[in-house]
Amino acid sequence: MIEIEVQNETHQTQFRIKAMAVPRIGEGIRLKEPDDSWASYDVLDVWYQQADYGEVWVPYLHVRTTPAAGNVDQGPVAAMPTVPDQSMPIADFLAKFEGEEEHETVHLNLDISEET
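I will try to describe carefully the structure that is included in this document. Computed from a prediction, not measured in an experiment: that's the story for all the values here. (Residues numbered from 1 in each chain as written. Predicted model: local features only at pLDDT ≥ 70, side-chain atom pairs only at ≥ 80, totals over all residues. Heavy atoms only, no water.)

**Observations regarding the pattern of salt bridges**
Thinking step 1. By the definition in use, this model includes four salt bridges.
Thinking step 2. For Glu9, the salt bridge identified is with Arg64, shortest N-O distance 3.5 Å. Of the two residues, Glu9 sits in the loop between β1 (2-8) and β2 (13-19) while Arg64 sits in strand β5 (residues 57-65), which places them 55 residues apart along the sequence.
Thinking step 3. Its relative accessible area of 29% is what places Glu9 among the partly exposed residues.
Thinking step 4. Three or more residues joined by partner-sharing salt bridges are found here, namely Glu3, Glu5 and Arg16. (Salt bridge = Lys/Arg side-chain N within 4 Å of Asp/Glu carboxyl O. Helix = DSSP H or I, 4+ residues; strand = E, 2+ residues; numbered from the N terminus. Buried < 20%, exposed > 50% of the residue type's maximum accessible area, 1.4 Å probe, protein only.)

Below you can see the structure in the form of structure tokens.
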């Protein structure tokens, strides 16, 4: 078992859990809320710090409530900017890279044997 220090951004708390593996950034985990209900959390950051008691590195997690769970206020959301249509026919796109001159094949000698 690995003891992991968890810093909960949603509730501004810090506590330890025991787990079989350290979750990676972007993974979801289930943790108990202060009211003893279970909630989904996203792992925002993972780092290791040396313990006070020797040559041991303790994993730390920074977590926040998963927005899709619906149990957290997201606050104001910025409007997505509109992106102009940039589509073009593939022939026009490829013509940008071909240039004015005809392409010449370059022959490479890949023989690495030594000549005597």
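That shown, we press on.
**Structural notes on the environment of Asp42**
Thinking step 1. Considering the arrangement of structural elements, one finds Asp42 in strand β4 (residues 38-50).
Thinking step 2. Asp42 gets classed as partly exposed once you look at its relative accessible area, which sits at 23%.
Thinking step 3. Filtering out sequence-adjacent residues up to four positions away, Asp42 remains in contact with Glu27, His62, Val63, Arg64, Thr66 and Pro67. (Contact = heavy atoms within 4.5 Å.)

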